[in-house]
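Residue-level structural notes
As a plain string of letters, each chain reads:
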Amino acid sequence: MKQHPCITQRRVLRTVLAVIALAMLAFSDGALAASATQIPGMGPVPKAHCGRFDWTESGLQGQTTAWERESGDSEGGYNCNLELVGQFRGEGAFSQDGPAFLDHCAYYATEDDPLQQHPGVVVIDVSDPANPRPTAYLDDTPAALNPHENLKVNLARKLLGVAESNGPNFAVYDLSKDCAHPILASSITVPDSHGHMGGWAEDGMTYYIGQQFRGVGGIMPIIDVSDPYNAKWLLNWTFNGDGRPHDLSTNKDGTRLYAGQPGTFGAAANNSSFGPDGLVILDVSDIQFRRPNPQIKIVSKLFWDDQGQAEQMLPFFSNGRSYILSTEESGGQAGVGGLAAACARGASPYGYSNIIDITDEKNPKIVSKIMLEVHDPNNCEKFLSEPPEVGGGLLDYSTERCNVDRPENPTMVACGSRGTGTRVYDIRDPLHPAEIAFWKGPAPRTAFLPGSGSWSPGVDRTVEKQAGLVNFHKVPAADGHGREMQLWVVGDAGGFQVLRFTNAFKARHRNLFENSMDRK
């Protein structure tokens, strides 16, 4: 059982809170009525049923309470149905810059701080999950030294693409010979590029570079990677209206680009986040087929006004239907007036995920939400008095990146976040997602981690950020019988971590793991 210096105080506090909660429920018929009439799939998802020895949250679902932070409780981290197998902390990580994965290897970026001994993209060999180890540091291109949220692997061609953060360099690394020792294939200068996010076409022949400026008049550089050892700039597409991507993905044929267009409430017309927030489906057939004078056309749009900074658009297929899972970097609190204004207009305080049915691509529609209690607009005002981190500002519980265990008929999706840790959900029924597990790494406080995206001198971090992509990976089981599902995650302070579902959870939910596979 996990030991912790605050265990007695915590149990006493929880007992008191439980008594208060029961009393409030007994005298709050109105609250019960509101809960009973909530539309299934459109409010906070059902909470996970955690194991008896798990170290769980004491506040709202996803929250790290002021008491947990100020008492030091969050320094021990929190877990529900997941446990640590192995870890490489290194000098910290910039968790949302990737990570990317191929076979037994993982790749994640660091802060590019002059205090680092090993700047650049860290290459991790996970052949032994209990002892992941670095095998290389990619520091031979400006892009690898200073990427942002564009560090991505194309599985079909075993290529790692990376664009320089707010700069013009784009690099391609060949992973096909040995994923633990990437080979630099191309390093080019892209005219007028100021890289931010970006992504591959599914076939690995094209890379689209999202930009630091994503407002009206912004560009999207497009790179031909048909010969990875001779990558070429094709063109810069200019967006004079909607379709400006924060993050992006494509369909299998590469003819549709799913753009997360970032907007925030009240943003000025010349702002990078001006305009509506949501999904824009683009026809990029001309790019895919390398037609002369290529044009990008809008197929459809779906916008929402309760969040901010739409980001990832992850396609998957379930029970014969096509879906997109969105993420949001900031939620309503990034709009004009901040968190208080978001609460006043009924917006979600922090970003959460929508599940969008795109079977009819001209009429996409939201069919459910992967929302925690911290995202519920009804709880927004509870965060107005939450103390900021010393030197680091207010907490952010936004969901930043998600991944499914397989792209067709997935059983699970895992999402990295800015403050709720890594959360895992059952999505066998996409219309009724449910939480099943979570891992919130230990708070780093003032630990010296110059490679971390959260570290700065004088900053006291009481919550760990795990905002990157999660990878589902099957390996031989520890007991030698069969195979088990692991999760590979990266935290700003925790670095690269290998997690597994607890034996007790797997015994209770055998059907979740039947026929599940890696996303390859």
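In this report, the structure presented in the accompanying data block is examined.

Details of the sheet that holds strand 1 (residues 78-80)
Pairing is antiparallel across the open sheet formed by 5 strands, whose spatial order is 1-26-25-24-23. Either end of the sheet is taken by a strand with one partner, and the two such strands are strand 1 and strand 23 (399-404). Pairs of neighbouring strands in the sheet enclose a mean axial angle of 25°, with direction left out of account.

Concerning the pattern of salt bridges
For the structure shown, the criterion picks out 29 salt bridges. Between Arg 418 and Glu 400 there is a salt bridge, and its shortest N-O distance comes to 2.8 Å. Of this pair, Arg 418 sits in the loop between strand 24 (412-417) and strand 25 (422-426) while Glu 400 sits in strand 23, and the two are 18 residues apart along the sequence. Relative accessible area serves as the criterion here: at 23%, Arg 418 is assigned to the partly exposed category. You can call Glu 400 buried: its relative accessible area is 0%. Here the salt bridges do not stand alone but share partners, grouping Glu 57, Arg 423, Glu 435 and Lys 440 into one network.

Side note on the packing of aromatic side chains
Applying the stated rule across the entire model yields 12 aromatic pairs. Residues Phe 170 and Tyr 207 carry aromatic rings whose centres are separated by 4.9 Å and whose planes lie at 45° to one another, so their mutual orientation is tilted. Of the two residues, Phe 170 sits in strand 9 (residues 169-174) while Tyr 207 sits in strand 12 (residues 206-211), which places them 37 residues apart along the sequence. Both residues of the pair, Phe 170 and Tyr 207, belong to the buried class. When the ring of Trp 488 is compared with that of Phe 496, the centres are 5.8 Å apart and the planes differ by 75°; the resulting orientation is edge-to-face. An identical accessibility class is assigned to Trp 488 and Phe 496; each is buried. An aromatic cluster is defined as three or more aromatic residues linked by ring pairs; in this entry it consists of Phe 101, Trp 488 and Phe 496. It is Arg 345 that lies over the ring of Phe 265; its NZ or CZ is 3.9 Å from the centre. Sitting over the ring of Phe 438, Arg 423 keeps its end group 4.1 Å from the ring centre.

Thoughts on the state of the cysteines
Following the criterion strictly, the structure yields 4 disulfides and no others. The side chain of Cys 105 participates in a disulfide bridge whose partner is Cys 179; the two sulfur atoms lie 2.0 Å from each other. What sets the handedness of the Cys 105 and Cys 179 disulfide is the S-S torsion sign, and at about 65° it is right-handed. Here Cys 105 is found in strand 4 (residues 105-108), whereas its partner Cys 179 is found in the loop between strand 9 and strand 10 (183-189), with 74 residues between them in sequence. Cys 179 carries the same exposure label as Cys 105, and that label is buried. The disulfide bridge from Cys 402 ends at Cys 415, spanning 2.1 Å between sulfur atoms. Its S-S torsion of about 105° marks the bond between Cys 402 and Cys 415 as right-handed, since a negative value means left-handed. A residue pair is termed long-range when its members are at least 10 positions apart, and Cys 402 in strand 23 and Cys 415 in strand 24 qualify at 13 residues. On the basis of relative accessibility, which here comes to 0%, the residue Cys 402 falls in the buried class.

Rules used throughout
- Residues numbered from 1 in each chain as written.
- Predicted model: local features only at pLDDT ≥ 70, side-chain atom pairs only at ≥ 80, totals over all residues.
- Heavy atoms only, no water.
- Pairing = 2+ DSSP bridges.
- Helix = DSSP H or I, 4+ residues; strand = E, 2+ residues; numbered from the N terminus.
- Axes fitted to C-alpha atoms, helices over the stretch in contact; angles between N-to-C directions.
- Salt bridge = Lys/Arg side-chain N within 4 Å of Asp/Glu carboxyl O.
- Buried < 20%, exposed > 50% of the residue type's maximum accessible area, 1.4 Å probe, protein only.
- Phe/Tyr/Trp six-rings, centres within 6.5 Å; stacked < 30°, edge-to-face > 60°.
- Lys NZ or Arg CZ within 6 Å of the ring centre and 35° of its normal.
- Disulfide = S-S within 2.5 Å.

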